[in-house]
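Observations on chain architecture
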Amino acid sequence: MRKIIRTMSFLSTTGACLVVLTTALALAADKTPVPRFASLKPNEVNARVGPGPNYPVEWIYLKAGLPIEVIAEFDTWRKIRDKDGAEGWVHQSMLSAKRHAIIQEGEAIMYADESTTSQPLVRLQEGVVVDLQKCREDACQVRIFDFKGWIPRSSLWGLYPQEKIG
């Protein structure tokens, strides 16, 4: 009987260690450099004035895929900044590493190729969110609905000036 209890105790301890190790690995995997761009996962995200559920909600974002910049971290909370410079704290589970960008200042034309001399495909208004596929020096390949093409990098918010994607 004593041997069984030790075995059970060993298994319980091993299980607890695995849970702690798994949690630590999950948190370590999220420790990519700050600042970095990410996007909102659900359609509704509360941005709070501080890093915790007891802090008041300052903003409510209503757009899944909206690009944001992660500018600070505290435990499982991330301080984010949006295109307009508004800041707030959100839980890490509300963020996705999937990259999106937003059309800034005016409108942008999506082209068939990287060159602005290629065939224009669609005109996108300011504030439209697109999926980032890949980015080169001067242009990014994006997708929106059934359209896939290239937009000048300068028309997008949600990536750093020299950042390569894809």
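Structure first, text after, so check above.
This section reports on the structure supplied with the text. All residue numbers refer to positions counted from 1 along the written sequence of the respective chain. Per-residue local features are limited, in this predicted model, to residues with pLDDT of at least 70; the limit for side-chain atom pairs, both in listing and counting, is 80 or more; totals at the level of whole chains, interfaces and linings are taken over all residues. Side-chain measures here rest on the full set of heavy atoms in the structure, leaving out hydrogens and waters.

All right, on to the nonpolar core then. Residues enter a nonpolar core if they are buried and are Ala, Val, Leu, Ile, Met, Phe, Trp, Tyr or Cys, with the set joined through side-chain atoms within 4.5 Å. Buried means the residue's accessible area, taken with a 1.4 Å probe over protein chains only, is under 20% of the maximum for its type, while exposed means over 50%, and partly exposed covers the values in between. Membership of the largest hydrophobic core comes to 16 residues, with the highest contact counts inside it found for Leu40, Tyr61, Ile68, Ile80 and Leu95. To qualify as a helix, a DSSP run of H or I must reach at least 4 residues; to qualify as a strand, a run of E must reach at least 2; elements of each kind are numbered from the N terminus. When contributions to this core are tallied by element, the ones reaching two or more residues are β1 (36-40), β2 (45-48) and β4 (67-74). Ranked by residues supplied to this core, first place goes to β1 with three residues. Note on contacts: a residue pair qualifies if any of its non-hydrogen atoms lie within 4.5 Å across the two residues. Sequence-distant contacts of Leu95, that is, excluding residues within four places in its chain, are made with Ser39, Leu40, Lys41, Ile68, Val70, Arg78, Ile80 and Val90. Core analysis: the second largest hydrophobic core is formed by 15 residues, Met110, Val130, Ile144 and Leu156 among them.

Pro35 follows Val34 through a cis peptide bond whose omega is 5 degrees. Residue position: Pro35 is located in the loop between α1 (2-29) and β1. Even without being a glycine, Phe145 presents a positive backbone phi close to 55 degrees. In this fold, Phe145 is placed in the loop between β12 (139-144) and β13 (147-152). Judged by its relative accessible area of 72%, Phe145 falls in the exposed class.

Relative to the helices and strands, Pro53 is located in the loop between β2 and β3 (57-61). In this structure Pro53 comes out as exposed when scored by relative accessible area, which is 57%. If we ignore the near neighbours within four places in the chain, the residues touching Pro53 are Arg48 and Trp77.

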